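Each chain, written out:
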Amino acid sequence: MYAEVIVDIAHSNVDKIYEYSCGEDVKAGSRVKVPFGGRVVDGFIVGLSETSAYPPEKIKPLSYVYEEPPALVEECFSLMNELSARYRVPKAVCLRLFVPAEMRAGRVHEVYKKLVRLSGAEISVSKSAKKQAEFLTYLSDEGEAEYTLCCEKFGRGAVNAVVEKGGAELVKVKINRTPLAFEGREPPKQLTPAQLAALASIENSDKTVQLIHGVTGSGKTEIYLNVISRALEQGKTAIFLVPEISLTPQMFSQLKRRFGEKAAILHSGLSAGERFDEWWRLRTGEARIAIGARSAIFSPLENIGAIIIDEEHDSSYFSESAPRYSTIEVAEMRARRNGCKLILGSATPSVETYSRAVSGEYNLITLTQRINGRPLPHITIADMRREVRRGNNSAFSAALREELKDTLESGNQAIIFLNRRGYSHTVICQDCGYALKCEHCDVPLAYHSEEKCLKCHYCGARYRLPSACPECGGLHLRYGGTGTQRVVAELRELFPAARILRMDNDTTSGKEGHYKILKQFGEKKADILVGTQMIAKGHDFPSVTLVGILDADMSLHFSDYRAGERTFQLITQVSGRSGRAGEAGKVVLQTYSPDNYILRFAVNYDYIGFFKNEIALRKATQFPPFSLICRVMVTAEDDAPALEALKGVYFGAEDLRTANPQEFIFLNKMHSPIKKIQGRVRYQVLMRLQSARLLPRIYDLAVRCSNSSALVYVEENPVNLS
Ligand code: ADP
Ligand code: ZN
């Protein structure tokens, strides 16, 4: 037999299939070690054949086949080819998506415990060997016991003697490191008519992609759980994706309580060992539901019966490293291969997704009511320009302060949202106007009051607080802008008795960091939760009756075509945290542009109004989905190789435009808005194209211009244009 092997080296020079001879019992998908250029390297068997085109004496045998079930499921092979062609990355890079990083590095292994088990064979034990007899009696009662424990109790000599005589045997048992155990099971809920109708619509639809557009609290989760149940009943498996699983412990506790051990969770908050074991539970079929963030779309499941993507509009579904895939696109590839449905859900679908639903490409299911008819929280706009005119320079409007007071007095909880961490986000010299910047990145530094230092939010570098301006020596440094730490400080002054929790990147480090904060808040051990967008997603806290949005328009002024969409989504999501149980909820939205039309639609929860307006705008200005924005990024340590590569990309793009003038709406080369990140300079060629027709050529161009000193890569409709 011959094994077709892809070596685990991420380089286009070795991006091909190599043949090795192997035994009959070798299986496709297995991890192997192979001789390669004088070394022994890791690889994967992606195919087997009886014959080879090469002369037999030229073919080397495999060095080693890992003793484990094949790591790759068969679907991986065709998916690998499709992804590699689509995103122009070596096949090895695609294969890496399918296995946990822990496995590749060989750093993590299964953990076993050694048991002694009664063999059932009669053995004779001499009278003088009292310990052996005691051990045998013990084992007859227990059936089996841990080897080390028995050795402690009866002595290693006695235990080994009994084993040698055949009275007991040693067995190795794999231990699963399972994350967070969840006590108790929760039965399915009685579905509402709207939920039943949604399920029927999914079942009866002949379309692969289903979009559930349901207001926050309309019971989408219960629909997903039912879809999963049906897949399991048919003997199939399911994938359930959420934007960032470590932020949504409630979601996975719910899944665990419904499906128990059948659900496996893959997320970054797990220890390497836990992730490794959860992954193997999926691969061996012990677990049949994969729950996780973006990367869980590559779960090693076969016979998939449903794929669910919750909060489908979330930008975390786009990968920001190679391959820069769209999770929805990959999910659709897998759904089609498995002949199953892909269910997208959101209260605020992306404009692109919703337009596909409206056009009939996706099946559209709409849920307009919250469960039990609870009203959506009332949103009040607080005009911060007026507050400033009145001399209020604090982070809180009078309206929000009033509402906070009421909420605290009535014993309810409040959430304060602000998408900036730290204390202030700039430090500016008032004498010369210089803003303190990171040495490695072209971004201003934020002041962190707890650590009393300046931090770069791009590379994490820390700097000591200067006593004077490094430019002019001036002593008047101003801390501009408000971050979560300053908000907490102000709240402590306003409401000294209130118990306040803060949730942002600085407070959530470590395993289960998010979980602990959310748990405390859920148990009402705090009155106010202040946080960044981490708190916007999915949480269901029944006692929260007030949400304050401090900087609603921050995202509005980004020079990004998605700015309006982002703002609408954010306001709706954050507001959705209020008034989920008994009492009606309230929201105070602070803004400097109270007349902005996006805010008007958001305040009325008018998604359709927002969408119609937005889609007309996009059409008139020829922005996606009526065009494709393509950015070719060039980064390098130094300017010279970056500019050289940039020239190559730009001239190549110009040639394409000359040959296909009708395809180009816009083409230019420039510095990226952030000129440097982590010591690498950044340039870009920005294109707006009529269609995706030239995309493969542009990927080719990027691969051609990339070299060892300049990295060149393509981004399609990038979520972040910085
Ligand atoms: P969404 O995901 O649409 O925001 P959820 O699934 O979180 O909404 O549902 C909102 C609330 O309604 C949750 O507390 C959930 O437990 C409850 N709920 C959902 N479906 C039902 C049902 N059929 N009967 C009773 N309560 C339900
Ligand atoms: Zn930096």
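Everything here concerns the structure above.
## Focus on empty space enclosed by the protein
Enumeration according to the criterion identifies one cavity of 30 Å³ or more in this entry. Within this model, the largest cavity holds a volume of roughly 50 Å³. Around the largest cavity sit Asp-8, Arg-31, Val-32, Asp-42, Gly-43, Phe-44, Tyr-66 and Arg-104, which together line it. When contributions to the lining of the largest cavity are tallied by element, the ones reaching two or more residues are strand S3 (31–36) and strand S4 (39–49). Of all the elements, S4 adds the most residues to the lining of the largest cavity, at three residues.

## Examining helix H4 (residues 130–142)
Counted at 1.5 Å a residue, the expected span for H4 with its 13 residues is 18 Å, and the 18 Å between its end C-alpha atoms agrees. Among all positions in H4, only Gln-132, Phe-135, Leu-136, Tyr-138 and Leu-139 are buried. Looking down the long axis of H4, one finds its buried residues gathered within 165° of arc, a one-sided arrangement. Opposite the buried face of H4, by more than 90 degrees, sit the exposed residues Lys-130 and Asp-141. Immediately downstream of H4, the backbone of Gly-143 shows phi near 85°, a positive value.

## Section: the layout of surface pockets
The calculated volume of the second largest pocket comes to roughly 900 Å³. As for the second largest pocket, its lining consists of 38 residues, of which Gly-219, Thr-221, Gln-254, Asp-540 and Arg-580 are closest to the centre. Looking at the lining of the second largest pocket, the elements with two or more residues in it are helix H8 (220–233) and helix H9 (249–259). Here the lining of the second largest pocket gets six residues from one element, more than from any other, and that element is H9.

## Digging into the coordination of the zinc ion (ligand 2)
Protein coordination at the zinc ion (ligand 2) comes from Cys-438 (SG), Cys-441 (SG), Cys-456 (SG) and Cys-459 (SG), with a distance range of 2.3 to 2.4 Å. Note that the zinc ion (ligand 2) binds four donor atoms; their angles at the metal cover 107 to 114°, and the shape is tetrahedral. Along the chain, the residues donating to the zinc ion (ligand 2) are arranged with the sequence spacing C-x2-C-x14-C-x2-C. Judged by relative accessible area, which is 6%, Cys-438 ranks as buried. Of the residues examined, Cys-441 reaches a relative accessible area of 2% and is grouped as buried.

## Description of the site of ligand 1
In the vicinity of ligand 1 lie 16 residues, with Gln-190, Gln-195, Gly-217, Lys-220 and Asp-540 positioned nearest. In the model, a nitrogen atom of ligand 1 is placed 2.8 Å from a nitrogen or oxygen of the Gln-195 side chain. Here Thr-221 contributes a side-chain N or O atom positioned 3.0 Å from an oxygen atom of ligand 1. Computed on the free molecule, ligand 1 has an accessible area of 570 Å², of which 77% lies beneath the protein chains in the complex. Under a 2 Å grid-point criterion requiring more than half of the atoms, the pocket assigned to ligand 1 is the second largest pocket. The leading source of residues in the shell around ligand 1 is H8, at three residues. Counted by class, the shell around ligand 1 contains three nonpolar, eight polar and five charged residues.

## Here's the deal with the pattern of salt bridges
Inspection of the entire model under this criterion finds 39 salt bridges. The residue Arg-117 makes a salt bridge to Glu-144 at a minimum N-O spacing of 2.8 Å. Of this pair, Arg-117 sits in strand S6 (residues 111–118) while Glu-144 sits in strand S7 (residues 144–146), and the two are 27 residues apart along the sequence. Arg-385 serves as the salt-bridge partner of Asp-383, at 3.2 Å between the closest nitrogen and oxygen. With relative accessibility at 15%, the residue Asp-383 sits in the buried group. Several salt bridges converge on common partners, so that one network encompasses Arg-421, Glu-451, Lys-455, Arg-462 and Asp-506.

## Brief notes about the packing of aromatic side chains
All told, the structure shown has 20 aromatic pairs when counted by the stated rule. Judged by centre distance (5.0 Å) and plane angle (85°), the ring pair of Tyr-18 and Phe-36 falls under edge-to-face. On the criterion of sequence distance, the pair formed by Tyr-18 in strand S2 (residues 18–21) and Phe-36 in strand S3 is long-range, its members being 18 residues apart. Accessibility assignment for this pair places Tyr-18 and Phe-36 in one class, buried. Seen from their ring centres, Phe-568 and Phe-610 are 4.4 Å apart, and the 10° between their planes marks the pair as stacked. With Phe-568 in helix H17 (residues 563–575) and Phe-610 in helix H19 (residues 607–621), the pair connects residues that are 42 residues apart, well separated along the chain. Side by side, Phe-568 and Phe-610 carry an identical accessibility label, which is buried. Taken together, the aromatic side chains of Tyr-354, Phe-568, Tyr-607, Phe-610 and Phe-611 make up a single cluster linked through ring pairs. When the ring centre of Tyr-66 is taken as reference, the NZ or CZ atom of Arg-31 above it lies at 4.0 Å. Note that Arg-324 overlies the ring of Tyr-713, its terminal NZ or CZ placed 3.5 Å from the centroid.

Calculation notes
- Residues numbered from 1 in each chain as written.
- Chains lettered and ligands numbered in written order.
- Predicted model: local features only at pLDDT ≥ 70, side-chain atom pairs only at ≥ 80, totals over all residues.
- Heavy atoms only, no water.
- 1 Å grid on protein atoms, 1.4 Å probe; cavity = no way out; pocket = protein on both sides within 12 Å on 5 of 7 lines; lining within 4 Å.
- Points joined across faces, edges and corners; volume = space filled by probe spheres on them.
- Helix = DSSP H or I, 4+ residues; strand = E, 2+ residues; numbered from the N terminus.
- Expected span 1.5 Å × (residues − 1).
- Buried < 20%, exposed > 50% of the residue type's maximum accessible area, 1.4 Å probe, protein only.
- Arc of directions from axis to C-beta.
- Donors = N, O, S within 2.8 Å, 3.2 Å for Na, K, Ca; no water.
- Tetrahedral: all angles 85-135°; square planar, octahedral: opposite > 155°, others 65-115°.
- Near = heavy atom within 4 Å.
- Polar contact = N/O pair within 3.5 Å; in protein donor to acceptor, adjacent residues only side chain to side chain.
- Areas by Shrake-Rupley, 256 points an atom, 1.4 Å probe, with all protein chains shown as cover.
- Sits in = over half its atoms within 2 Å of the grid points.
- Nonpolar A, V, L, I, M, F, W, Y, C, P; charged D, E, K, R; others polar.
- Salt bridge = Lys/Arg side-chain N within 4 Å of Asp/Glu carboxyl O.
- Phe/Tyr/Trp six-rings, centres within 6.5 Å; stacked < 30°, edge-to-face > 60°.
- Lys NZ or Arg CZ within 6 Å of the ring centre and 35° of its normal.

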